[in-house]
Structures are given as structure tokens and as C-alpha cells.
Amino acid sequence: MITNETTSTTTDPSELVDERLVRWYFLAACTFLGVSMLGGLLMAFQLVHWNPLNGIELLAPGRWRMVHTNAVAYGFLANAFLGALHWAVPRLTLHQVASRALSYFIFFAWQAIVLLTAAGIIFGPSLQTSQWVAAAASKYHLAMSLGAQGLEWGETPFWIDPVALLGLALVAYNFMVPIARAKPPLYVTMWYFMAAFVWTFLTYAMGNLMPEYHVAGTSAGAVGGLFIHDLVGLFVTPLGWGLMYYFVPIMLKKPIWSHGLSLVGFWGLAFFYPLNGIHHFLYTPIPMFLQYGAVIATVAVELVVTTVIVNFFGTLWGNGRAVVTNLPVRWFYTGMIFYFLTCLQCAMQVTLTFQKLIHFTDWVVGHAHLVMFGVFSMWLFGIMTYLFPRLLGRNWYSHALLEWHYWLSALGVLVMATDLILAGLFQGYFWASLQPWDVSLVGSYPFWVTRVFAGLAMFLGFLCFVYNLWMTYRGVRSPAAEATPASATWLG
Ligand code: HEM
């Protein structure tokens, strides 16, 4: 082991990585995912009139729909990414993060931000009990500040925005220091991570501050579209791709198929993704040349994503059986297939011809679940399945439960996405036929019932994972696990 006090250089992974913190991040991620899924289920039940909690204002599905999306983005994805970053960055750079104390501060501050965001949404200004506060606040023109902002994905109350931005700046600093100390040339994973730190900060600032204070009307819509798209493209995507470029070669024990192609993906993402935003607002008063530009840039992004998928399948070439024998690899490559399906779906969705039919329908919600759950959550489940035994120092309690988690999640999201995509087509045709609105609601009902069961399957899969984790943490060994040979490569 080489250790240098001043630069904290060490090749001993146990000193490089704060495993307790990685564990905490993953546990926080799982907690928020559970909350988010319950919020999604509540909304899904409401849409088929099966909401058992009807009439309780604090559990109003309208509020919990926002908690659902915010808890997924900032509670689940951000926490899981931060945990994985704390594992991967020190190992790749051979340097610890800038400050472990700062890492812990960020951990607690981030949980507070996510919880306050949820509180802002749930106890928003329309709540009866907060009326006197709202009245007092409106006197000082602060009415909106008490609750959620009226911007999709930017619902975070305005008083939390500066704190969230400070948190993002500290995250960037904490990881940029080891990256700056690493010996060049930097592996492509680092390129993605560095870009993500800068882009996420800028995206969050743009989306949460500009429409609120500086632009209005159609321009605010254009900025809002850019914001929601960049959250996926410039925060989730570079971190997800960066982590796959790190974990896939490790799991398959071979280098990535083409380093050149991985750079095409990086520069393609950087150049084309920010031009996509207005595709969320086709057929609006936004100038048509911008709408056409967004459509063309979207097609370009689909080609860029295809290069990334090709690169990962090139890497798998010759090791195909790993998809069967190695569960994390199976999670990763199932995510790749869903990625390809998302691109196919998007290729149609982005055309103006198709938009005439599916705009504002459940097709879009199907698309959102396909990419957020089918791709990025699958990758994160694969990473957690691989890392938890290492973080807890024990083998998984039950391989069968891990398989249940995989199959219920994969089939659940496949059914949910297919169902909502079809629902969207039907809704589009109902609306185009100019029948009364209610007719489209009656037509949507069977699809929404199917969504409830698909969601329940995904939630059940998640519960299998949580139960398995709990038993693993307690050190219980299932009889089936006892029978597994020590040499099994099942978890890489
Ligand atoms: C228990 C499983 C789930 C159920 C039942 C569910 C249900 C729902 C429902 C009912 C909506 C609102 C749709 C509408 O407004 O018409 C929604 C939106 C959304 N959900 Fe889920 N969801 C689940 C899991 C997830 C997960 C795990 C993710 C991400 C990892 C996710 C991501 C999203 C996104 C991004 C939206 C916004 C879609 C849009 O506005 O187009 N959902 N979900």
C-alpha cells in the first residue's frame, strides 16, 4: 500500500472508500423509492376510483403525485447516484473525496432538502391549517413561497432552491478534488461525472430560478421544457452512463469495446441534448423553427444513445451467458434493452405527425416510466445488488428473493409501459374523434386498472429486495444460500 498524507493517495480500497456512507446513501435511496412508489400507487388508485384514503387532504393524490416524482428524482436517483459516486470516484482516481466531513454534511443536508421539498408540497398554501400563515405571507407577496412552485420537477419551494444549489456546488467540489488529483489520461467515466457536476448545478439554477423570476409566458414554457429535459439528459444520463462505463467492464472482466465510441457518446450528449427541450412543447406558440430544431436534435440524441448501446453490446460479445449467470449484469443489460425500446418509442413520439395524436396522453407517462424505471433504476438496482454484499460484508440472504425482485420489476415495468403507450394511442383517437371528454375517460379505465396491477408488481418486487436486505443485514443465512457453492459467480 502506498500512502501519502498530504494528497491522501492510497491504493487500499478500504481506506479510499467510506463504505458506511455508501451504505447510508443506498438506504436513503431505497427509503425514498418506497415513499415514491406509494405516492404513485395512491395516484393510480385514485384514477380508477379505488382510493381508500379519499377525503384526507394531507394524502390528496394531487399532492402525492408531485411527491412521487420529486422523491424519485431527488430522493431515490440522486441518493443512489451519490452512493455509487462515493464508491467509484475514489477507486478510479486512487484519491479520497476532498473531505469526508463534508460528505457527511452533504448527506444530511440533502436528506433535509428532499424532506423539506416533500413537506412544502404536502403542506402547500392551499392547506386549511396554514391559511393564516398564507395570509400573512401574501401580505408580503410571499404566498407561493410556503408551498410548491408551479413548475413541473421544479416544485421545490423557492426558499429551498439556494440551499439545494449550495449542496450541488459542494458535491461538485468534493468529487472534483480527487478527479483533479488523478493522473491523466482520465477514463471516460470521469468525463461524464465532471460534466454532470457542472450541468446539474446549471440545470437546477436555470429551471428553478429563471421561470420564477426572469421570464414569463411562452418563454417560461420553453425554459421549463429545457429544464425537465436537461434533468434527465444532463443529470441522470451522464451519471448513469458514467457508472455503466465503470461497472460493466468490472463485472465482465474486460475493457470496454470501443473507447472512441464512448467519446462519440460523450460529445454527442454534450452537443445535442441541451437542444432537445422544446420537444416537450410541440404545437405551442413557441416559434416553429425552434420546434423543428428540437425535433432534429432529438433524432441526433437517439443516434448518440444507439452508439452507447452498441458499445455495451460490443463489450458483452463473447460473454453473453453472463446475462443469465450474473444478476447485476442481467439488470444492466435489461436496462440497455429498455433504453433501446425507449429510443424506438421516442423516434415516433418526437415527430410532429405523431404528436398530433399522443400529446397530453398517457403515452408520455409510459415513456417516463420506461426510461426512469426501465433504464436508470434497473442500472442502480444492478449496482446495489452487486455492492450490498460488499458493503455489509455478507452474502445475500436469499438469491430467490433477488430473482423475484428482478422479474417483478422487469415484467411490471414492461406491462406498465406497454399499457400506458397503448392507452395514449386510444386516448389520442378518442380526442381526435371529437367525442365528449368523458368517453375517453371510460375508454382509459381498463388501462388504468392494468397500471395499478403492474405498479403493485413493481412494489412487491421492491419489498422482496427490502426484506432480503434486512435479513442480510441481520446476518441470517437462508437454507438455499447455504447450499450455494462458494465459487458461484452469480453476483460477479
Ligand atoms: C409502484 C409503481 C409506480 C406507480 C403505480 C406509478 C404511477 C404513476 C402515476 C399514477 C403517475 C401520474 C401519471 C399522470 O399524471 O397521469 C406517475 C408519474 C410518473 N412516474 Fe410513476 N409510478 C410508479 C413508479 C415509478 C418509478 C419507480 C419511477 C422512476 C424511477 C416513476 C417515474 C414517474 C415519472 C417520471 C412520472 C411523471 C410522468 C409524466 O409527467 O409524464 N414512477 N407514476
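*Asks:* Got a sec to walk through the overall build of the protein chain? Specific residues and values, please.
*Replies:* Along the protein chain, the regular secondary structure elements total 17 helices and zero strands. Within the protein chain, contacts between residues separated by at least 24 positions form 81% of all contacts whose residues are at least 6 apart in sequence.

*Asks:* Any chance you could break down the confidence of the model for the protein chain for me, citing the residues and the numbers?
*Replies:* Confidence along the protein chain averages 89 in pLDDT terms, with 90% of residues attaining 70 or more. Across residues 485–489, confidence stays below pLDDT 50; counting only partners more than four residues off in sequence or on other chains, it has two contacts.

*Asks:* Residues and numbers for the site of the ligand, please.
*Replies:* Near the ligand you find 19 residues, and of these G40, M43, A368, M372 and G455 are the closest. Taken together, the residues of the shell around the ligand sort by class into 12 nonpolar, six polar and one charged.

*Asks:* I'd like a rundown of the environment of R91, residues and numbers included.
*Replies:* The topology assignment puts R91 in helix α3 (residues 61–93). Sequence-distant contacts of R91, defined by excluding residues within four places in its chain, comprise P13, L16 and V17.

*Asks:* Describe α3, listing the residues and the values that go with them.
*Replies:* Between its first and last C-alpha atoms α3 spans 45 Å; for 33 residues at 1.5 Å apiece the expected length is 48 Å, and the two agree. The largest bend in α3 is about 40°, located at A71. Most of α3 sits inside the fold, with 28 of its 33 residues counted as buried. Phi turns positive, to about 60°, at L94, one or two residues after α3.

*Asks:* Describe the packing of helix α10 (residues 288–316) against helix α12 (residues 327–349), listing the residues and the values that go with them.
*Replies:* Following both chains from N to C, one finds α10 and α12 inclined at 155°, their axes separated by 10 Å at the closest point. Comparing the axis directions of α10 and α12 gives the class roughly antiparallel. For the crossing formed where α10 meets α12, the hand is left-handed. On α12, the residues touching T298, E302, V305, T306, I309, F312 and L316 of α10 are Y333, M336, Y339, F340, C343, C346 and A347.

*Asks:* Residues and numbers for unusual backbone geometry, please.
*Replies:* Omega for the peptide link from P184 to P185 comes to 0°, which places this bond in the cis form. With respect to the helices, strands and loops of the structure, P185 is situated in the loop between α6 (161–181) and α7 (188–214). Positioned with a positive phi, Y283 is a non-glycine residue whose angle comes to about 65°. In this structure, Y283 sits in the loop between α9 (259–272) and α10. Within the chain, F360 stands out as a residue other than glycine whose phi angle is a positive 70°. When you line up the elements, F360 lands in the loop between α13 (352–358) and α14 (362–392).

*Asks:* How would you sum up the environment of T69? Please name residues and give values.
*Replies:* In this structure, T69 sits in helix α3. Owing to 19 C-beta atoms within 10 Å, T69 belongs among the partly exposed residues under this scheme. Put simply, T69 and W153 are 84 residues apart on the chain and 7.2 Å apart in space, counted from C-alpha to C-alpha.

*Asks:* Give a description of the packing of helix α8 (residues 217–252) against α12 that names residues and reports values.
*Replies:* Relative orientation of the contacting elements α8 and α12 amounts to 140°, with a least axis distance of 10 Å. Relative to α12, the element α8 lies oblique. Once α8 is placed against α12, the crossing between them reads as left-handed. Here M244, F247, V248, M251 and L252 of α8 lie close against α12, whose contacting residues are P328, V329 and F332.

*Asks:* Help me get a handle on the environment of P389, residues and values and all.
*Replies:* As for its placement among the helices and strands, P389 is situated in helix α14. Placed 84 residues apart in sequence, P389 and Y473 show a C-alpha to C-alpha distance of 9.1 Å.

Reading the values: rules and limits
- Residues numbered from 1 in each chain as written.
- Predicted model: local features only at pLDDT ≥ 70, side-chain atom pairs only at ≥ 80, totals over all residues.
- Helix = DSSP H or I, 4+ residues; strand = E, 2+ residues; numbered from the N terminus.
- Contact = placed C-beta atoms within 7 Å.
- pLDDT = per-residue confidence, 0-100.
- Near = placed C-beta within 6 Å.
- Nonpolar A, V, L, I, M, F, W, Y, C, P; charged D, E, K, R; others polar.
- Expected span 1.5 Å × (residues − 1).
- Bend = angle between axes of the 7 residues up to and from the residue.
- Buried ≥ 20, exposed ≤ 12 C-beta atoms within 10 Å, placed from the backbone.
- Axes fitted to C-alpha atoms, helices over the stretch in contact; angles between N-to-C directions.
- Parallel < 35°, antiparallel > 145°, perpendicular 65-115°, else oblique.
- Left-handed = near helix turned anticlockwise from the far one by under 90°.

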